[in-house]
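Here's the letter readout for the chains.
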Amino acid sequence: MKMFNVYPVNDITITKAKGSYVWDDQGQQYLDMYGGHAVISIGHSHPHYIQRLEEQLHRIGFYSNSVKIPLQEELAAKLGRISGKEDYQLFLCNSGAEANENALKLASFHNGRKKVVAFTRSFHGRTSLAVAVTDNPAIVAPVNRTDNVILLPFNDEEALEACFRANSADISSVIVEGIQGVGGIHLATAPFLQTIRRLCSENGAVFIADSVQCGYGRTGKFFSHDYAGVDADIYTMAKGMGNGFPVAGIIISPQIPPKFHMLGTTFGGNHLACAAALAVLEVMEEEKLIRNAEVIGNYLMEELETISYLKNLRGKGLMIGFDLPDELKDLRKNLLYNQHIFTGEAKPNVVRLLPSLALRKKDAEEFLDSVREETEAMTLKVENA
Ligand SMILES: Cc1ncc(COP(=O)(O)O)c(C=O)c1O
């Protein structure tokens, strides 16, 4: 049997990882400024994480949601305290798309409505409704297409007001990333998020904050939406939550009551997943990683600002993006193969930085030195051509 070939891959096989570094099967070390797509939150192979998962495996790895799993309550309590949303309710699942699918479905159960407002350049996942609210027709199959989605321009308060005036009784939810990730690191403005909050409250719609990529402390606050001083009705989470173990969840405001069987999953909230998620929060707290993300993120932003070749620098904490002029369009490739540094991308010509929240200043310096070296060499080559 062959693999179903859907991923364009780099010809690199990673066999070992530690902190912000990974090693390939030839022993070559790489700096990981991509965090395996924003997933590695506390650093690769953290000793506490390994120990907690190992111990849990020796006890019990999985049993279904038909029995009490006290680790779930422990996780809910810790997550409530660290995120500042102590009165919210936790539902656990397995991936970002599934989290968004559940959030959209729950909103519709709650207010009995069908329409969802989403925004240009958004990405919310690849399952049926999550992909329908994603602004990329190439990944929306005919079976996913629905008239229930209203796609509006991002950060456009007037368009949103007009949409609510025209459809107020039909809008079930509004889903928005605090910082668009796949779309190329675009920050939702505070007035925009505040307008979403107000219009949802006034019209009985549910505000869904997709925090799959921009959440879990990456931006220097637990949820990037917190910068706008608003509380969403539902936050969706995945990626950094398990530092690589597939665990995801939604937290739900106390105004939305649960009913038996309205949501469910076989694997969600299993013992091993909870142990992974707890280990992540324990390390985040112990090592003050949310603060570290803010401090190292600010340092990176200040230094990147001085590299004049990079355009439209933007981001918060350790979620940073910049545009590349055409002559530097191979920068990511050169960073990978000449400097042995992984970075993320977005189309067209956007570099995305999504490293572990435990990135140290010296790792950031190594990255900056390499970017300076590569951009200067590439620019010189163009000038001499
Ligand atoms: C903002 C956002 N939402 C949802 C998802 C989907 O997450 P998953 O790939 O875990 O289904 C992603 C993945 O990149 C994402 O960035």
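The rules behind these values
Residues numbered from 1 in each chain as written. Predicted model: local features only at pLDDT ≥ 70, side-chain atom pairs only at ≥ 80, totals over all residues. Axes fitted to C-alpha atoms, helices over the stretch in contact; angles between N-to-C directions. Helix = DSSP H or I, 4+ residues; strand = E, 2+ residues; numbered from the N terminus. Parallel < 35°, antiparallel > 145°, perpendicular 65-115°, else oblique. Left-handed = near helix turned anticlockwise from the far one by under 90°. Contact = placed C-beta atoms within 7 Å. Nonpolar A, V, L, I, M, F, W, Y, C, P; charged D, E, K, R; others polar. Buried ≥ 20, exposed ≤ 12 C-beta atoms within 10 Å, placed from the backbone. Pairing = 2+ DSSP bridges. Core = buried A, V, L, I, M, F, W, Y, C linked by C-beta atoms within 7 Å. Domains from an automatic or database assignment. Expected span 1.5 Å × (residues − 1). Near = placed C-beta within 6 Å. Arc of directions from axis to C-beta.

Asker: Honestly, the packing of helix α3 (residues 70-83) against helix α8 (residues 271-286) in this entry has me stumped. Any pointers?
Answerer: Packed helices, taken two at a time, are described by their axes: the angle between them and the distance between them. It is at 9 Å that the axes of α3 and α8 come closest, and there the two elements cross at 30°. On the basis of the axis angle, α3 is roughly parallel to α8. The two elements α3 and α8 cross, and the hand of that crossing is left-handed. Residues L71, Q72, E74, L75, K78, L79 and I82 of α3 touch α8, and the partners they reach there are H271, C274, A275, A277, L278, L281, M284 and E285. In terms of residue class, the contact of α3 with α8 is made up of ten nonpolar, two polar and three charged.

Asker: How should the pairing of strand β17 (residues 350-353) be read in this particular structure?
Answerer: In the case of a regular strand, side chains alternate between the two sheet surfaces. Neither face of β17 is open: one carries V350 and R352, the other V351 and L353, and all of them are buried. Relative to β17, strand β14 (residues 319-323) runs antiparallel, the two being bridged by four bridges. Across the sheet, residue F322 finds its bridge partner in β17, namely V351. The hairpin formed by strand β16 (residues 344-346) and β17 contains three residues between the paired strands, and N349 there has a positive phi angle of roughly 60°.

Asker: Even after reading the chapter, I still don't get the nonpolar core, so can you show me in this structure?
Answerer: One recurring pattern in soluble globular proteins: nonpolar side chains tend to sit buried together. Judged by nonpolar contacts, the single largest core of 110 residues is most densely connected at V174, I208, I234, A277, V280 and L318. Considering every element that reaches this core, the biggest residue donor is α8, with twelve residues. Both domains that meet at this core, namely domain 1 (14-45 + 289-384) and domain 2 (47-286), each give it at least three residues. Those residues within four positions of I208 in sequence are excluded, and the remaining contacts are A103, L104, A107, S173, V174, I175, A232, D233, I234 and T236.

Asker: How do you make sense of helix α9 (residues 289-305) when you look at a structure like this?
Answerer: Note on helix geometry: an α-helix contains 3.6 residues per turn, so any two residues three or four positions apart are oriented the same way. In this model, α9 (17 residues) spans 24 Å end to end at C-alpha, consistent with the 24 Å of a helix rising 1.5 Å per residue. When we look at burial in α9, the residues that qualify are L289, I290, N292, A293, E294, I296, G297, L300 and L304. On its buried face, α9 is in contact with α8, β13 (311-316), β14 and α11 (361-384).

Asker: What is the right way to look at the sheet that holds β14 in this model?
Answerer: By way of backbone hydrogen bonds, the strands of a sheet pair with one another, either parallel or antiparallel. If you trace the four strands from one edge of the open sheet to the other, you get β13-β14-β17-β16, paired in antiparallel fashion. The open sheet has two edge strands, β13 and β16, and neither has a second partner. In this sheet, neighbouring strand axes are inclined to one another by 20° on average, regardless of whether the strands run parallel or antiparallel. The sheet contact formed by β16 and β17 spans three bridges and is antiparallel. Pairing of G344 across the sheet is with R352, part of β17. Docked against the sheet, α9 engages β13 and β14, running at close to 175° with respect to β13.

Asker: Please clarify how the domain arrangement of the protein chain should be interpreted in this entry.
Answerer: Note: interface size is frequently given as the accessible area lost on complex formation between the parts. Domain boundaries in the protein chain define domain 1 (14-45 + 289-384) and domain 2 (47-286). The straight-line distance from the C-alpha centre of domain 1 to that of domain 2 is 27 Å. Taken together, the contact between domain 1 and domain 2 spans 24 residues of the former and 25 residues of the latter. With five residues, the single largest contributor to the side of domain 1 that touches domain 2 is α9. Here the residues of the side of domain 1 that touches domain 2 are counted per class, giving 13 nonpolar, seven polar and four charged.

Asker: Please explain the site of the ligand as it appears in this structure.
Answerer: Not every one of the 14 residues close to the ligand is listed here, only the nearest: G96, A97, G125, V212 and Q213. When residues of the shell around the ligand are assigned to their parent elements, the largest contribution, three residues, is made by helix α4 (residues 96-111). Looking at the shell around the ligand residue by residue, the classes come out as five nonpolar, seven polar and two charged.

Asker: Explanation requested: helix α2 (residues 47-59) in the structure shown.
Answerer: Counted at 1.5 Å a residue, the expected span for α2 with its 13 residues is 18 Å, and the 19 Å between its end C-alpha atoms agrees. Taken as a whole, α2 has its buried residues at Y49, R52 and Q56. In an axial view of α2, the angular spread of the buried residues amounts to 70°, which keeps them on one side of the axis. For α2, the exposed residues set more than 90 degrees away from the buried face come down to P47, I50, Q51, E54, E55 and H58.

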